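# Chain and residue survey
For reference, the chains in residue letters:
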Amino acid sequence: MDTITAGAAKRSVLAAQGFAEGRPVGAVTRRHLGRLLGRLRLLQLDSVNVAVRAHYMPVFSRLGGYSRELLDGAAWAHSARRPRLLVEYWAHEASLLPVEDWPLLLSKAKRPGWWRHYRELVERESALVDEVLAAVKEVGPVGAGTLEELLGGPGQARVKGGSWWNRSDVKRICEYLFGTGELTTGARVNFQRLYDLPERVLPPSVLAAAPVDPDEAARQLIAQAAAALGVATETDLRDYYRLGPEVSRRAVHDLVADGQLERVEVRGWAKPGYRTPGARMPRKIRARALLCPFDPLVWERSRTERIFDFRYRIEIYTPAEKREHGYYVFPFLLGDSLVGRVDLKADRAAGVLRVPGAFSEPGTRTEEVATELAEELRLMADWLELDDVLVGERGDLIAPLARALATRPAG
């Protein structure tokens, strides 16, 4: 078992995540996007839209300014010339993933998700299930609200002030069928999922694929996670697709025995790491990126702390007066280190990217960080079609950031 330094492991992680190459010169193309998706394997979806939807941001972080329509087309459009590249399913969380991974996620390598709690409803209301499927076949892609109207009104009204779980019977059935693969997402409008039949969304080659044995699917998913993560513990690998502990451990054991994974000792790590044989380990990383809270580089918080010595918590659900850094905070990657935290808000009405707070990490050179951060914020504002970057008052990076933004006109 090889022994490597924590710094070498960190650089390997960044290389696997797409931060070892420079951003494309010129327009970002579908080929660039396809290469990145082949590397990351999934983009997490999330409804928060304070700055930008979560699935768009990891692409920007790695490729720079690109047309979001490029990703929309890959995820929710299909033509003979440009076939659909991505499909929605529950992976790490609700995610966009390559269409060829659909059989792996539906192989029962993963345990049934939260939708299993709707099984009793589905069994009790089998006629309504048939009506939902028939209606989707007739009018899909279609939202749950429209289906309720088509089927004669809501089965159970949402209680005022109720939680996300207060759903109509139709919505519950749709989510159950989505979880079992009998429905998928045909399109999204204003981020609303429009359900459709898999045979109208997925390519025939995927639909015709033979069922995948759950253990073989788990091995493939763990191998993909290892390639995406660079160096990872077994729990890191397990978390990428949210596999069960026993399934994951068995898959890791088999992959090591087959020579598809190798164990490595990382100095300072309490548990052994695993990597794909031949995984890149650059001597230097020259990255610069803002990372949304759901970026695969930082979404597993204990891993982020272990690799980057960066304790990170999302504070959306923390009362405003108790937030330490802000509502929707982006870690700032510079070189091979996470050097700051930036609270961001896209004020679309005013046409500005607001920075209510910006904070440096201990030991960083704030003027240098502020200069690089200013450039990245300008780039992000341009990408979001916002006219300016306006800073607030919170954090030790705010004053040097304001100076850096003032030294050059935006754009």
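Residues numbered from 1 in each chain as written. Predicted model: local features only at pLDDT ≥ 70, side-chain atom pairs only at ≥ 80, totals over all residues. Heavy atoms only, no water.

## Digging into the overall build of the chain
Each helix and strand counted, the chain has 16 helices and 13 strands in total. For a compact globule of 411 residues, the expected C-alpha radius of gyration is about 22 Å, and the chain comes in at 22 Å, within 12% of that figure. Expressed along its principal axes, the backbone C-alpha trace of the chain runs to roughly 65 × 55 × 45 Å. The buried share among the 411 residues of the chain stands at 53%. Excluding contacts between residues fewer than 6 apart, the proportion of contacts in the chain whose partners are at least 24 apart in sequence is 65%. (Helix = DSSP H or I, 4+ residues; strand = E, 2+ residues; numbered from the N terminus. Rg over C-alpha atoms; globule rule 2.2 N^0.38 Å. Buried < 20%, exposed > 50% of the residue type's maximum accessible area, 1.4 Å probe, protein only. Contact = heavy atoms within 4.5 Å.)

## Some thoughts on the packing of helix H15 (residues 366–383) against helix H16 (residues 398–407)
For the pair H15 and H16, interaxial distance at closest approach is 8 Å and the crossing angle is 55°. On the basis of their axis angle, the class for H15 and H16 is oblique. For the pair H15 and H16, the sense of crossing is right-handed. Here Thr 366, Glu 367, Ala 370, Thr 371, Leu 373, Ala 374, Leu 377 and Arg 378 of H15 lie close against H16, whose contacting residues are Pro 400, Leu 401, Arg 403, Ala 404, Leu 405 and Thr 407. (Axes fitted to C-alpha atoms, helices over the stretch in contact; angles between N-to-C directions. Parallel < 35°, antiparallel > 145°, perpendicular 65-115°, else oblique. Left-handed = near helix turned anticlockwise from the far one by under 90°.)

## Some details on the sheet that holds strand S10 (residues 329–335)
Strand order in the open sheet made by the five strands is S9-S10-S11-S12-S13, with mixed pairing throughout. Edge strands, defined here as strands with exactly one partner in the open sheet, are strand S9 (287–290) and strand S13 (388–394). For this sheet, the mean angle separating the axes of adjacent strands, direction not counted, is 30°. The sheet contact formed by strand S11 (residues 337–347) and strand S12 (residues 352–360) spans seven bridges and is antiparallel. Residue Ala 346 lies in a different strand from S12, and its bridge partner there is Leu 353. (Pairing = 2+ DSSP bridges.)

## Considerations on the sheet that holds strand S3 (residues 86–90)
Across the sheet, which stays open at both edges, the three strands sit in the order S2-S4-S3 with antiparallel pairing between neighbours. Each of the sheet's edge strands pairs with one partner strand only, and the pair in question is strand S2 (43–44) and S3. Set on the sheet, helix H4 (residues 68–76) makes contact with S2, S3 and strand S4 (94–98); between it and S3 the angle comes to about 70°.

## Let's talk about the side chain of His 325
On the secondary structure map, His 325 appears in the loop between helix H14 (301–308) and S10. Non-local contacts of His 325, meaning those with residues more than four positions away in its chain, are made with Glu 315, Arg 341, Asp 343, Phe 359 and Arg 394.

## Thoughts on the pattern of salt bridges
Tallying each qualifying case throughout the model produces 32 salt bridges. Between Arg 306 and Asp 236 there is a salt bridge, with its nearest N and O atoms 2.8 Å apart. One end of the pair, Arg 306, is in helix H14; the other, Asp 236, is in helix H12 (residues 234–241), with 70 residues separating them in the sequence. Looking at Asp 236, the relative accessible area reads 3%, which means it is buried. With a closest N to O distance of 2.6 Å, Glu 367 and Arg 403 form a salt bridge. Placement of Glu 367 in helix H15 and of Arg 403 in helix H16 is noted, with a sequence separation of 36 residues between them. Among the charged side chains, a salt-bridge network with shared partners connects Glu 88, Lys 171, Glu 175, Arg 188 and Arg 193. (Salt bridge = Lys/Arg side-chain N within 4 Å of Asp/Glu carboxyl O.)

## Topic: the environment of Gln 260
Looking at where Gln 260 falls in the secondary structure, it is placed in the loop between helix H13 (245–257) and strand S7 (262–266). Along the primary structure Gln 260 and Arg 219 are separated by 41 residues, whereas in three dimensions their C-alpha atoms are 9.7 Å apart. Excluding residues that lie within four positions of it along the chain, Gln 260 makes contacts with Leu 255, Thr 276 and Pro 277.

## Focus on the pairing of strand S5 (residues 184–189)
Across the six residues that make up S5, a large majority, five, are buried. Two elements, S5 and strand S6 (residues 192–196), share five bridges in a ladder whose sense is antiparallel. Within S6, the residue paired with Ala 187 across the bridge is Leu 194. The hairpin turn running from S5 into S6, its antiparallel successor, is two residues long, and Asn 190 in that turn takes a positive phi close to 55°.

## Let's talk about the confidence of the model for the chain
Fine structural detail should not be taken from predicted coordinates in areas where pLDDT scores are low. Scored by pLDDT, the chain has a mean of 93; 95% of the residues are at 70 or more. Considering only residues more than four positions removed or in separate chains, one finds that residues 155–166, a stretch of pLDDT under 50, has 14 contacts. (pLDDT = per-residue confidence, 0-100.)

## Topic: unusual backbone geometry
Between Gly 140 and the following residue, Pro 141, the backbone shows a cis peptide bond with an omega angle of 0°. Note on placement: Pro 141 falls in the loop between helix H7 (126–139) and helix H8 (144–150). Unlike most non-glycine residues, Lys 108 shows phi in positive territory, near 80°. Looking at where Lys 108 falls in the secondary structure, it is placed in the loop between helix H5 (102–105) and helix H6 (119–124). Non-glycine residue Asn 190 carries a positive phi angle of around 55°. Considering the arrangement of structural elements, one finds Asn 190 in the loop between S5 and S6. Note on Asn 190: relative accessible area 76%, which makes it exposed.

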